[in-house]
Amino acid sequence: MNKKVLEEGTAIDIQFEKRGGFVPVIVQEVENMEILMQGWANKLALQKTIELGKATFWSTSRDELWTKGLTSGDYLEIVEILTDCDQDSLIYKVKMMGNGACHTKNSKGITRKSCFYRKIELDQLSNLDK
């Protein structure tokens, strides 16, 4: 598919091959637009997400397909899937079906709602090259 058609057309042609068979997936809560997590999808993970209606990813650390919530019960129900203009990344807009999206827990042992719980202050960025 030529670049103009890929970027400006209406055909869906996710560019998995750009990153070795994977695309990044940002997961966003549909109710309040909060970013919950980032994962990776290959063709199989995207197909399974569509089939199940639940956010499914390729675990790069375990090298296997996983549907969020199978172990924890904290499913992410798909409401909408978006791709960017280059068709090399996705957004899963989801409804949370449990306590949180993160696999970590807070100091009280409760699953964190979002994996993005740390805030980097802009003045901290000057320390990155030290």
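For the structure, check the block above.
A brief report on the enclosed structure follows.

1. Some words on the nonpolar core
Inside soluble globular proteins, nonpolar side chains tend to come together where they are buried.
Part 1: In this structure, Val27, Leu76 and Tyr92 are the most contacted members of the largest nonpolar core, which totals 19 residues.
Part 2: Going through the elements one at a time, strand 1 (23-29), strand 2 (35-41), helix 2 (43-52), strand 5 (75-83) and strand 6 (90-97) are the ones with two or more residues in this core.
Part 3: It is strand 6 that provides the largest number of residues to this core, a total of four residues.
Part 4: Setting aside residues no more than four positions away along its own chain, Val27 makes contact with Glu34, Ile35, Leu36, Met37, Phe57, Leu76, Tyr92 and Val94.

2. Re the pairing of strand 5
Part 1: As defined by bridge partners, strand 5 adjoins strand 6 across eight bridges and the pair is classed as antiparallel. Considered in strand 6, the bridge of Tyr75 is made with Met97.
Part 2: Hairpin connection of strand 5 to strand 6: six residues between the antiparallel strands, including Gln87 at a positive phi of 55°.

3. What to know about the pattern of salt bridges
Part 1: One pass over the full model with this rule turns up seven salt bridges.
Part 2: With a closest N to O distance of 3.1 Å, Lys113 and Glu34 form a salt bridge. Pair noted here: Lys113 is in the segment after strand 6 and Glu34 is in the loop between strand 1 and strand 2, with a separation of 79 residues, a long-range link.
Part 3: Accessibility expressed as a relative area gives 30% for Lys113, which makes it partly exposed.
Part 4: In this structure, a network of salt bridges that share partners links the residues Lys18, Arg19 and Asp88.

4. Observations concerning the sheet that holds strand 6
Part 1: Pairing within the open sheet is mixed, and its four strands lie in the order 2-1-6-5. The sheet is open, and its two edges are formed by strand 2 and strand 5, each paired on a single side. Across this sheet, the average inter-strand angle for adjacent strands is 30°, counted without regard to direction.
Part 2: Pairing between strand 1 and strand 2: six bridges, direction antiparallel. For Val27, the partnering residue across the bridge sits in strand 2 and is Met37.

The rules behind these values
- By convention here, each chain's residues receive numbers from 1 onward along its written sequence.
- Residue-level local features of this predicted model are given only where pLDDT is at least 70; pairs of side-chain atoms are given and counted only at 80 or more, and the full residue set underlies all totals for whole chains, interfaces and linings.
- Working from all heavy atoms in the structure, the side-chain values ignore hydrogens and water.
- By convention a nonpolar core is built from buried Ala, Val, Leu, Ile, Met, Phe, Trp, Tyr and Cys residues, the set being connected through side-chain atoms within 4.5 Å.
- Exposed residues in this analysis have more than 50% of their type's maximum accessible area, buried residues have under 20%, and partly exposed residues fall in between, with area computed by a 1.4 Å probe over protein chains only.
- Each helix is a run of DSSP H or I of at least 4 residues and each strand a run of E of at least 2, with the numbering of both proceeding from the N terminus.
- Any two residues whose heavy atoms approach within 4.5 Å are treated as being in contact.
- A pair of strands is labelled paired if DSSP reports no fewer than 2 bridges between them.
- The working definition used for a salt bridge is a side-chain nitrogen of Lys or Arg within 4 Å of a carboxyl oxygen of Asp or Glu.
- In this analysis an axis means a line fitted to C-alpha atoms, helices contributing only their contacting stretch, and an angle means the value between N-to-C directions, from 0 to 180 degrees.

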